[in-house]
Every structure is written in structure tokens, then in C-alpha cells.
Amino acid sequence: MAYDDTDFDKVIPRQGTGSLKWDGAHAHFGGEVLPMWVADMDFAVPRIVIADLQKRLEHPIFGYPSNGPDMLQAADDWMAKRHGWRPEPGVTGMVSGVVPALFAAVRAFTQPGDPVIVMPPVYPPFMTAVRKNARELLLVPLQNNGAGVYEMHWAALENAVRNAKLLLLCSPHNPTGRVWTASELQRLGALCASAGCVVVSDEIHADLSHAEHTPFPALFPRSVLLTSAGKSFNIAGMGGGIAILPDPELRQRFHDEIHRSQIHQINTCALTAMTSAWRHGAEWQTALRGYLADNASFMGEYLTHALPAVVYRRPEFGYLAWLDVHRYGSDETLARRLRQTRLGLNPGPSFGPGGEGFVRLNFATPRSVLERGLERLQQTLLG
Ligand SMILES: Cc1ncc(COP(=O)(O)O)c(C=O)c1O
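For clarity, every value in this text was computed on a predicted model and none was experimentally measured.

Caption draft 1: A look at the site of the ligand. What surrounds the ligand is the set Ala-39, Gly-97, Val-98, Val-99, Pro-100, Tyr-123, Cys-170, Asn-174, Asp-202, Ile-204, His-205 and Lys-231. Between the ligand and Val-99 there is a distance of 3.0 Å, counted from an oxygen atom to a backbone nitrogen or oxygen. For the ligand, the accessible surface in isolation is 400 Å², of which the surrounding protein chains cover 87%. If you tally residues by element for the shell around the ligand, the top one is helix α4 (residues 98-109), at three residues. Counted by class, the shell around the ligand contains seven nonpolar, three polar and two charged residues.

Below you can see the structure in the form of C-alpha cells.
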């Protein structure tokens, strides 16, 4: 399929590709919907990534890959180029995905029953990583100022870190749209360091930040950074990720755990795609960020005119809009209406406490599709 990889207006049908967002929507929502839920993008990946994959596929042997030195070098170079911080040689390692690594981090740094801090509303696996590993979920909800601006709850955190050995940070924060500032991260890190609480920072959305993003271990080396090229280059379905642990003791504990749970490897295609994306994808990603920023503005203008009682704060990164729709009815009413208007959104309550009255809308889609989605949202909310 020939395509212009920065023609983000082009609608590329995804039905029949085994996509969770499109093909899986029927089972998930109990019927056909316009899917604006799962966090992947309806955009083609950079052409160079496809070309590098094709080149690899031309070699007809797919034995076990080596331990990915090219990919790890590409990851470190990307971190330095995109986020201005170069990890020391040897501290970046492979994991089979960011979520498996999050689960492994819980096991590596805590014992069953230990409290682990999570700040909802947040990407749901943060909470399941704690619960499924039989740790105590210590929720310290973010504070919303009512206009959609979220901050950490400093007073509650000060209390919580006294008990917890681990804090799972989403940086930038899905779904609230925040890119934490260096001074917020500094304050959080200082608080955790003084209490001996390890911070695991999931930075998978960082590349799509519009504001400056600070990698957590650049400030506090005794921490863990998890990321991948999955979100920001739209190759999440390939799997794979990296874990950066500058601290030797934490690195050893994490290394032991990912080997115990056998999540320390990445398949050949993912290695090829991630290496290619990080090496050659910068220009494409800059164009993508521009398109996403324009979609965010388009959405803001639409909502201001059509649905002024929706509280929408333009996200500081990426493509996830966190919409406060509580003025239009209860979560139950909203769920019923969404089924009628056939719009597939993530319900706010699935992101934990503080998600009531919200929905998350994925706007990584051509503008014409976004417009259709917003029309359906209007029908949904105005009944
Ligand atoms: C914050 C966050 N972390 C991790 C993931 C998924 O990571 P992976 O596919 O590497 O397991 C997502 C996907 O939406 C996410 O939003």
C-alpha cells in the first residue's frame, strides 16, 4: 500500500486488520460504534519503518534475535535527542512491554501486602498491577481545580510516602493530559527519596508532549523509567519496550524479576520497528505532533460552540481528551446514550476515583472522523 506518511487527513480503513480498537469494538461495546477508545492512532506509521521491516522480512530466517544492542543504542540516542538526557551506557534494558514491566516492578520492589501509591484517575493497569500482585493499593487522587487542571495532592502524598515503598507515576499523565513540570517532579522525587519510596515512571506518552518533558531518572537516578516507541510511532501492537534503571541495586532487582517472569525479550519485528522509528522517525513525529495539536484546537472550538457545558482542557500531550461531561447527566445515562449514538469512548470511572462524570476520547484520527465523533458526542449529550 503506497501512502504519504504525513497525510494525516487520509482515512485508512482498519476494519479486518484484527485491530482491538476497530474490530474488537463490536464485542466490547455490544454493537457497531465509531471507536474513539483504545490508545492507538488511525494513522500510518513512518514509511521508513515499513521499509526497514520489509527489508528484514526479505531475509527468510527468523531465529531468535540477539539481545538488541542496536535497539538499545537507538533508544538511548533518541532519549538524548528528544528529551535532552542520555542514560549512562548499560543502564537501558529490554522488556516485552511497558505494562508487563509495570507489573514486574511491583513484584521487584515490594512484598505482598505492601502499600503502593497510585494517583488516579489513571490508566487502569496501574491499579491492576498493584491488586493482581496482592499489594495494597494506596490511592492518592490528583486534584482537579474544576477547570480541568490537575495537580498532585501534596499533603496526602506526604502522608502516603511514609508507608509506601513504591509509587507508580504516569508521566505524562494519562488521562488527565498533564505533562508534569520539572519542578513538580523535583518536589515529588525529593519527597519520595526522603522516605525511601522508589518511583517507577511510565513515560510511554512523553514523545508526544507539547510542553517540555523531564525524564524522571534525569532528576533522581534511584528510580525506574519505562517506555517504548509503541504509542508515539503507532507500533504498540508489535510489543516491546525499554526499562532504564541508573541505580545498580534497583537494576539488579528488576533484572532478576523480569527473568523470573520471562519478560526480558522482544520479538524480531518489534526490535526492527522500534530501532527504525527511533533512528529515523523524528521528522514524521514532529509532523504528527502538529496535526494532533490542530485536532486538539479543532475539538476545543467545536465544544465551545456546540457543548459549552463540557469542561475540556486542551491536553499538554498526545491525543487523549479527558472530558468532564457531568453537567449532561449521570454516568449511567451517558453510557445508555452512547450505546444509542454508537460512539465508543472510555468511561471515566474505569480510570478509578475521580473519573466519575468523565469520558476519555481518543482524537488520533483524521479530522473528518474526529468531526463525525464530535457530532455523535453532541447527539449523545444533548439527547
Ligand atoms: C500510560 C500507559 N502505559 C502503558 C501503555 C501500554 O504499554 P504497552 O503496550 O507497552 O504494554 C499505555 C497504553 O495505552 C499507556 O497509556
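Don't stop here, the text continues.
Caption draft 2: Structural context of helix α10 (residues 268-280). Helix length check: α10 (13 residues) gives 18 Å between terminal C-alpha atoms against 18 Å at 1.5 Å per residue, within 8%. Along α10, 10 of the 13 residues are buried, which leaves the element largely enclosed by surrounding structure. Buried residues of α10: Thr-268, Ala-270, Leu-271, Thr-272, Ala-273, Met-274, Thr-275, Ser-276, Ala-277 and Trp-278, and no others. Structurally, α10 contributes buried residues whose contacts are with α2 (47-58), α3 (69-83), β2 (92-95), β10 (241-244) and α11 (282-306). Two or three places before Cys-269, at the start of α10, stands the capping residue Asn-267, its side-chain oxygen 3.0 Å from that residue's backbone nitrogen.

Caption draft 3: Geometry of the domain arrangement of the chain. Partitioning the chain into structural domains gives domain 1 (25-47 + 282-382) and domain 2 (61-280). One C-alpha centre belongs to domain 1, the other to domain 2, and the line joining them spans 25 Å. The interface is formed by 30 residues belonging to domain 1 together with 37 residues belonging to domain 2. When the two sides are added together, the surface that domain 1 and domain 2 hide from each other amounts to roughly 2,800 Å², 61% of it contributed by carbon and sulfur. Inspection of the domain 1/domain 2 interface yields one salt bridge. Residue Glu-316 is joined to Arg-178 by a salt bridge in which the shortest nitrogen-to-oxygen separation is 3.1 Å. If you look at where domain 1 meets domain 2, you find 13 residue pairs in polar contact (both at pLDDT 80 or more). Class assignment of the residues belonging to the side of domain 1 that touches domain 2 gives a composition of 19 nonpolar, six polar and five charged.

Caption draft 4: Examining the packing of aromatic side chains more closely. All told, the structure shown has 12 aromatic pairs when counted by the stated rule. A centroid spacing of 6.4 Å and a plane angle of 75° characterise the contact between Tyr-123 and Phe-126, whose relative ring orientation is edge-to-face. According to the relative accessible area criterion, Tyr-123 is partly exposed, its value standing at 26%. Here the aromatic rings of Trp-322 and Phe-358 are separated by 4.7 Å at their centres, their planes lie at 15°, and the arrangement is stacked.

Caption draft 5: Representation of the sheet that holds strand β12 (residues 320-324). Strand order in the open sheet formed by four strands is β11-β12-β15-β14, and the pairing between neighbours is antiparallel. A strand with exactly one partner marks an edge of an open sheet, and here the two such strands are β11 (311-312) and β14 (346-347). As defined by bridge partners, β11 adjoins β12 across two bridges and the pair is classed as antiparallel. Its bridge partner lying in β12, Tyr-312 is registered against Leu-323.

Caption draft 6: Examining unusual backbone geometry more closely. Look at the link from Pro-120 to Pro-121: it is a cis peptide, with omega at 0°. Within the secondary structure, Pro-121 sits in the loop between β3 (115-118) and α5 (125-131). Of the consecutive residues Ser-171 and Pro-172, the connecting peptide bond is found in the cis state with omega at 0°. Positive phi is not limited to glycine here, since Ala-134 has a value of about 60°. As for its placement among the helices and strands, Ala-134 is situated in the loop between α5 and β4 (136-139). Of note, Arg-342 is a non-glycine position whose phi angle comes to about 60°, a positive value. Mapping Arg-342 onto the fold places it in the loop between α12 (331-341) and β13 (343-344).

Parameters at a glance
Along each chain, the written sequence defines residue order, and numbers are assigned to residues from 1. Only residues with pLDDT of at least 70 get local features here, since the model is predicted, and only at 80 or more are side-chain atom pairs given and counted; chain-wide, interface and lining totals rely on the full set of residues. Here the side-chain values reflect all heavy atoms present in the structure, with hydrogen atoms and water set aside. The criterion for a residue being near a molecule or strand is simple. One of its heavy atoms has to lie within 4 Å of it. Under the rule applied, a polar contact is a pair of N or O atoms within 3.5 Å (in protein, one hydrogen donor and one hydrogen acceptor; residues adjacent in sequence only if both atoms are side-chain atoms). Here, Shrake-Rupley sampling with a 1.4 Å probe gives the accessible areas, and only protein chains in the shown set may cover a residue. Numbered from the N terminus, helices here are DSSP runs of H or I no shorter than four residues, and strands are runs of E no shorter than two. For this classification, Asp, Glu, Lys and Arg are treated as charged, while Ala, Val, Leu, Ile, Met, Phe, Trp, Tyr, Cys and Pro are nonpolar and the rest, including Gly, are polar. Multiplying one less than the number of residues by 1.5 Å gives the expected span of a helix. Between buried and exposed lies partly exposed: a residue is buried under 20% and exposed over 50% of the maximum accessible area for its type, with that area taken using a 1.4 Å probe on protein chains only. Two residues form a contact once any of their heavy atoms are found within 4.5 Å. Segment limits for the domains were obtained from an automatic or database-derived domain assignment. Simply put, the buried area is the total loss of 1.4 Å probe accessible area from both parts when two parts are fitted together. What counts as a salt bridge is simple: a side-chain nitrogen of Lys or Arg found within 4 Å of a carboxyl oxygen of Asp or Glu. The criterion for an aromatic pair is that two Phe, Tyr or Trp rings (for Trp, the six-membered ring) have centres within 6.5 Å, with stacked assigned to planes under 30 degrees apart, edge-to-face to planes over 60 apart and tilted to the rest. If DSSP finds at least two bridges between two strands, the strands pair.

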